[in-house]
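Single-letter residue listing:
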Amino acid sequence: KNSKKIMRKNILFYLMLLILIPIAVHSQIYRIKALGGMTLALRDEDNSLNPYDFGKNPAWLAKDEPQSWLEILPNFSSNWGDYRRLFDPAENSIYTVKSDGVKSLGDLGTFRGYASYGIENRKDVYRCLTRFPYSGEAFFMVDSTTGNFNYNGPTAGFTYSYELFSDFFIGAFIQYQLLDGLKEIYSRAKTLYRSFDGNVGIAYQAADNLAVGLSLEPFDYQERIESKSDDLFDVEIFDYRGETYAFKRRGQSIDQTLREKGASFGSQINWLPIRELNIGLKGNYLVSHKKVIIPLGLLKETEEGFASSENYDFHFMSRYYASDKLIVGFSARHSNRDSWSKYSAKDLLLWKWNIKETAFGIGTAYEIIPRSFLAGIEIEFGNTTSDSSKYIDNKFSSEKSLNFVIRSGMEYEIVENIFLRLGYVHGFMEFDVIRGGRDIALNSYTAGAGIKLFESLNIDFYFDYTKYSPKNINNSFSTLNSFISIKLFTF
């Protein structure tokens, strides 16, 4: 009875946190980010190869987070530049206030609650009215103006992990997001964006040196857009199917709904064949379907377009602890994505494309001064192939790209319990699958600091600046991110 009372008290406490505190998305690798994003050979509590950190399996939360804590995280990010796609904003700024908390309930499991509130300002969006116009489908809803788009709203969720039997864990993760969007000028498009993400998993500690897991991640997204003129005139909207052809809709109010549903199936293995060697392996298979819904006559919902996507990926990572000071890491990964879109009324195939990527990486980290001065470097080589058939536009292409990226970082304890972190990333792509440019150079600079106070409070600062520069044109694309983390271990 006492255990049940304690559990109800703790759950009530975290539900109140969800209401009273802006709480956050659960990736906390700010130390790794500040060190240039190195992941292969860094020893960090949020960078292990277990089913939770590496495989995002919620069942392993109870093993990964034995200590309770609460974190508050304000964040700012921005991107801008002329090297962008047709419907990308000229500048995009995101302001978020976040918090995140873990509560260990002893034999009753482990609970993690989080939420966030974000404001996103997209400046000078050319015509496009959908939030994600480049998610791989051949459908674009546009008007005739360039203007600013603003989105704002909360995200909330929780994870729960419980040891059902000895060394056998179950867990669940749920996240819900609700955003309101508005275009500031004609066509005054209003957006209601809703997303649901879940994850249920099981994990088993098969032996002292072996853990395995399985997970299922369903998701459901919906974006409803309504364009309505503020005066007595009709609003005019163009529905593009492909990049060339469109049909026009005109009226006092024009609606369109995008619905996407799907699920990802994942497996995870964490194995230590010897004490000095740690191996992580994960695989995922994802399938999703998206429908474009428009009113037609007396029918409020008519499927006008349909898109399907099928993805799979595998990722292997290992770390060898050569000594107390030296770690060597290796990774190999492969992914494949197939996508196609059709015009449902005529069952007409519009677009079909495929992207494959294979990459190998190796890295090392060395403690020059134990627990006070660390330096590391890693390099990854990859090959990307893409095949695109845009039948409705009569455009066909096949591209291959060799890519590499070098990440480096250092961490130094300036005075006791105050750490300075610096990182630098350089990369190159023969062909940019995202924006279509060639011979792209990447340069990124990262910096951060960590302060540990009284064994119960950690404060971390983080900043990065990244620039993408095509070789033969003067255009570039830049990103900037910064945040402060305040983490309490007693509350």
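Everything numeric here is computed off the predicted structure, so don't read it as measured data. (Residues numbered from 1 in each chain as written. Predicted model: local features only at pLDDT ≥ 70, side-chain atom pairs only at ≥ 80, totals over all residues. Heavy atoms only, no water.)

### As for the environment of Ile254
(1) Moving on: Mapped onto the secondary structure, Ile254 falls in strand β10 (residues 253-274).
(2) Moving on: Once the C-alpha coordinates of Ile254 and Gly361 are considered, the two residues, 107 residues apart in sequence, prove to be 50 Å apart.
(3) Moving on: The contacts of Ile254, once residues within four sequence positions are left out, are Met141, Ile225, Glu226, Ser227, Val235, Ile237 and Arg249. (Helix = DSSP H or I, 4+ residues; strand = E, 2+ residues; numbered from the N terminus. Contact = heavy atoms within 4.5 Å.)

### Overview of empty space enclosed by the protein
(1) Moving on: In the structure shown here, the tally under the stated rule is one cavity of 30 Å³ or more.
(2) Moving on: The calculated volume of the largest cavity comes to roughly 80 Å³.
(3) Moving on: In terms of lining residues, the largest cavity is bounded by Thr130, Phe132, Pro133, Ser135, Glu137, Phe139, Phe140, Met141, Gln256, Leu258 and Lys290.
(4) Moving on: When contributions to the lining of the largest cavity are tallied by element, the ones reaching two or more residues are β4 (139-165) and β10.
(5) Moving on: With three residues, β4 is the single largest residue contributor to the lining of the largest cavity.
(6) Moving on: Partitioned by chemical class, the residues of the lining of the largest cavity number six nonpolar, three polar and two charged. (1 Å grid on protein atoms, 1.4 Å probe; cavity = no way out; pocket = protein on both sides within 12 Å on 5 of 7 lines; lining within 4 Å. Points joined across faces, edges and corners; volume = space filled by probe spheres on them. Nonpolar A, V, L, I, M, F, W, Y, C, P; charged D, E, K, R; others polar.)

### Considerations on a negative patch on the surface
(1) Moving on: A cluster of acidic residues, Asp107, Glu163, Asp167 and Asp208, forms a negative patch at the surface.
(2) Moving on: You can see Asp208 is positioned in the loop between β6 (190-207) and β7 (210-228).
(3) Moving on: Among the residues examined, Asp208 registers a relative accessible area of 83% and is labelled exposed. (Patch = residues over 30% accessible without salt bridge, like charges linked within 9 Å, V, L, I, M, F, W, Y side chains within 5 Å. Areas by Shrake-Rupley, 256 points an atom, 1.4 Å probe, with all protein chains shown as cover. Salt bridge = Lys/Arg side-chain N within 4 Å of Asp/Glu carboxyl O. Lys, Arg positive; Asp, Glu negative; His and termini not counted. Charge placed at Lys NZ, Arg CZ, Asp CG, Glu CD. Buried < 20%, exposed > 50% of the residue type's maximum accessible area, 1.4 Å probe, protein only.)

### As for the nonpolar core
(1) Moving on: Formed by 13 residues in total, the largest nonpolar core has its most connected members in Phe87, Phe139, Phe140, Val142, Tyr240, Leu350 and Trp351.
(2) Moving on: Among the secondary structure elements, those contributing two or more residues to this core are β4, β8 (235-241) and β14 (348-369).
(3) Moving on: Counting residues per element, this core draws most heavily on β4, which supplies three residues.
(4) Moving on: Within the second largest apolar cluster, ten residues are counted, among which are Val125, Leu129, Tyr151 and Ile237. (Core = buried A, V, L, I, M, F, W, Y, C linked by side-chain atoms within 4.5 Å.)

### With respect to the layout of surface pockets
(1) Moving on: There is about 750 Å³ of room inside the second largest pocket.
(2) Moving on: The wall of the second largest pocket is formed by 32 residues, among which Arg31, Asp44, Glu411, Arg421 and Lys452 lie closest to the centre.
(3) Moving on: Mapped by element, the contributors of at least two residues to the lining of the second largest pocket are α2 (30-34), β14, β15 (373-390), β17 (418-431), β18 (438-453) and β19 (457-470).
(4) Moving on: Per-element accounting of the lining of the second largest pocket gives the leading share, four residues, to β14.
(5) Moving on: Counted by class, the lining of the second largest pocket contains twelve nonpolar, five polar and 15 charged residues.

### Describing the environment of Phe330
(1) Moving on: Mapped onto the secondary structure, Phe330 falls in strand β13 (residues 326-343).
(2) Moving on: According to the relative accessible area criterion, Phe330 is partly exposed, its value standing at 34%.
(3) Moving on: C-alpha of Phe330 to C-alpha of Asn403: the two residues are 73 residues apart in sequence and 17 Å apart in space.
(4) Moving on: Aside from chain neighbours lying at most four places away, what touches Phe330 is Phe316, Met317, Ser318, Phe360, Gly361 and Ile362.

### Comments concerning the pattern of salt bridges
(1) Moving on: Per the stated rule, a full pass over the model turns up 30 salt bridges.
(2) Moving on: A salt bridge links Arg241 to Glu304; its shortest N-O distance comes to 2.7 Å. Taken together, the residues Arg241 in strand β8 and Glu304 in strand β12 (residues 299-321) connect sequence positions 63 residues apart. Each member of the pair, Arg241 together with Glu304, is buried.

### Considerations on the confidence of the model for the chain
(1) Moving on: Confidence in the prediction for the chain averages 92 pLDDT; 93% of positions are at 70 or higher.
(2) Moving on: Predicted confidence is poor over residues 1-27, with pLDDT under 50, and the contacts of this stretch with residues over four places away or in other chains come to 48 contacts. (pLDDT = per-residue confidence, 0-100.)

### A short note on the packing of aromatic side chains
(1) Moving on: Tallied over the entire structure, the rule returns 26 aromatic pairs.
(2) Moving on: Between the aromatic rings of Phe76 and Tyr95, the centroid separation amounts to 5.0 Å while the plane-to-plane angle is 40°, which identifies the pairing as tilted. Of the two residues, Phe76 sits in strand β1 (residues 69-81) while Tyr95 sits in strand β2 (residues 91-104), which places them 19 residues apart along the sequence.
(3) Moving on: According to the relative accessible area criterion, Phe76 is partly exposed, its value standing at 25%.
(4) Moving on: Assessed through its relative accessible area of 40%, Tyr95 is described here as partly exposed.
(5) Moving on: An aromatic cluster is defined as three or more aromatic residues linked by ring pairs; in this entry it consists of Phe87, Tyr126, Tyr134, Phe140 and Trp351.
(6) Moving on: The ring centre of Phe238 lies 5.6 Å from the NZ or CZ of Arg127, which sits over that ring. (Phe/Tyr/Trp six-rings, centres within 6.5 Å; stacked < 30°, edge-to-face > 60°. Lys NZ or Arg CZ within 6 Å of the ring centre and 35° of its normal.)

### Regarding unusual backbone geometry
(1) Moving on: Omega for the peptide link from Tyr186 to Ser187 comes to 20°, which places this bond in the cis form.
(2) Moving on: Residue position: Ser187 is located in the loop between β5 (168-183) and β6.
(3) Moving on: One non-glycine residue, Asn394, lies in positive phi territory at about 55°.
(4) Moving on: Mapping Asn394 onto the fold places it in the loop between β15 and β16 (395-415).
(5) Moving on: Using a relative accessible area of 60% as the deciding quantity, one classes Asn394 as exposed.

### Things to note about a nonpolar patch on the surface
(1) Moving on: Taken together, the side chains of Tyr366, Ile368, Ile369, Tyr412, Ile414, Val415, Ile418, Leu420 and Leu422 present a nonpolar region at the surface, about 730 Å² in accessible area.
(2) Moving on: Taken together, the elements giving at least two residues each to the nonpolar patch come down to β14, β16 and β17.
(3) Moving on: Considering the arrangement of structural elements, one finds Leu422 in strand β17.
(4) Moving on: By relative accessible area, which is 36% here, Leu422 ends up partly exposed.

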